[in-house]
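A structural walkthrough
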Amino acid sequence: TVMPAVPTVNSAPKTTGEIAATIPIETYGIVAGGAGAVWVAHLDTGLITRIDPASNTVVTQIKVDNPTFDFYRPISGGITFVGNQLWVTTFNSVGGGEVARIDTVTNEVVERIQMGDLQYPNGTLAFSPWGIASDGDTLWVTDFTHTGIVRVDTKTGQVIAQILNVGHVVSI
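None of the values given here were measured: they were computed from a predicted structure.

Considering the overall build of the chain
Each helix and strand in the chain was counted, giving zero helices and 16 strands. Taking all 172 residues of the chain together, 42% fall into the buried category. As displayed, the chain has an accessible area near 8,800 Å², and 54% of this comes from carbon and sulfur atoms.

Spelled out as structure tokens, the structure:
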């Protein structure tokens, strides 16, 4: 696959499948739809871009992490919705990370849940959150570096279960 010189997001009508608009964005990322917008979690800048699908324009960019290049900086990974709240995973190259909640009305990060470590029988490993999905009340988060999945209660912000040795799961 060849990446375009300027990454873009394409918008296509449901009936024809033809590209109706191309919206330039700064870098590549993972896309989700919700709260009346299209959202892009940029994998290398720590930013979330909000796009208005009616006008095909970038509305805002939300700083989740430090957007300057640094090998040890956290990077955005997965993105999902619980109601109108956007959840994003971030981790850094040395392990560890968090799940951040963005209020889609104010476009601000309003909560950060540190993921901590996974407790394996032979020791402790830093959890590097990547893929994320929701069943409504909880988040399921995969570990990019190791072989675990955790379940997070969105009301308490607590990890309520961890499933180990499931293989290398990048997304769910």
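Quick word on the sheet that holds strand S6 (residues 57-63)
Consider a sheet: its strands pair through backbone hydrogen bonds, and that pairing is either parallel or antiparallel. Pairing is antiparallel across the open sheet formed by four strands, whose spatial order is S3-S4-S5-S6. Each having just a single partner strand, strand S3 (29-34) and S6 make up the two edges of the open sheet. Across this sheet, the average inter-strand angle for adjacent strands is 25 degrees, counted without regard to direction. Note: strand S5 (residues 47-52) against S6, six bridges, orientation antiparallel. In the strand pairing of S6, threonine 49 is matched with glutamine 61.

Structural notes on the side chain of glutamine 85
Position of glutamine 85 among the secondary structure elements: in strand S8 (residues 85-91). Beyond its immediate stretch of four places on either side in the chain, glutamine 85 contacts Thr80, Arg101, Ile102, Asp103 and Val110.

Concerning the environment of glutamate 26
Mapped onto the secondary structure, glutamate 26 falls in the loop between strand S2 (21-24) and S3. With a relative accessible area of 52%, glutamate 26 lands in the exposed category. For glutamate 26 and threonine 49, which are 23 residues apart along the polypeptide, the C-alpha to C-alpha distance reads 9.2 Å.

Quick notes on the pairing of strand S9 (residues 97-103)
Within S9, six of the seven residues are buried, leaving the element largely enclosed by the surrounding structure. Where S8 meets S9, seven bridges bridge the pair, whose relative direction is antiparallel. Each bridged residue has a counterpart across the sheet, and for valine 88 the counterpart in S9 is alanine 100. As paired elements, S9 and strand S10 (residues 108-114) share six bridges and run antiparallel to each other. Residue pairing across strands places arginine 101 opposite glutamate 111, the latter belonging to S10. Taking the residues between adjacent antiparallel strands as the criterion, S9 and S10 are bridged by four residues, where asparagine 107 takes a positive phi near 60 degrees.

Quick notes on the environment of alanine 54
Within the secondary structure, alanine 54 is located in the loop between S5 and S6. Spatially, the C-alpha atoms of alanine 54 and alanine 37 are 8.7 Å apart, while their sequence positions differ by 17 residues.

A short note on the confidence of the model for the chain
Residues with a pLDDT of 70 or more make up 80% of the chain, whose mean pLDDT is 80. Taken together, the stretch residues 1-6 has pLDDT below 50 and engages in three contacts with residues farther than four places along the chain or on a different chain.

Details of the pairing of strand S4 (residues 37-42)
With five of six residues buried, S4 is to be regarded as a mostly interior element. Examined bridge by bridge, S3 and S4 share six bridges and lie antiparallel to one another. Looking across to S4, one finds that glycine 29 is bridged to histidine 42. Connecting S3 to the antiparallel partner S4 that follows it, the hairpin turn spans two residues, and alanine 35 within it adopts a positive phi of roughly 55 degrees. As judged from the four bridges shared by S4 and S5, these two strands associate in the antiparallel manner. Counterpart to valine 40 in the pairing with S5 is threonine 49. In this antiparallel pair of consecutive strands, S4 and S5, the connection spans four residues, and glycine 46 shows a positive phi of 75 degrees.

Parameters and conventions
- Residues numbered from 1 in each chain as written.
- Predicted model: local features only at pLDDT ≥ 70, side-chain atom pairs only at ≥ 80, totals over all residues.
- Heavy atoms only, no water.
- Helix = DSSP H or I, 4+ residues; strand = E, 2+ residues; numbered from the N terminus.
- Buried < 20%, exposed > 50% of the residue type's maximum accessible area, 1.4 Å probe, protein only.
- Areas by Shrake-Rupley, 256 points an atom, 1.4 Å probe, with all protein chains shown as cover.
- Pairing = 2+ DSSP bridges.
- Axes fitted to C-alpha atoms, helices over the stretch in contact; angles between N-to-C directions.
- Contact = heavy atoms within 4.5 Å.
- pLDDT = per-residue confidence, 0-100.

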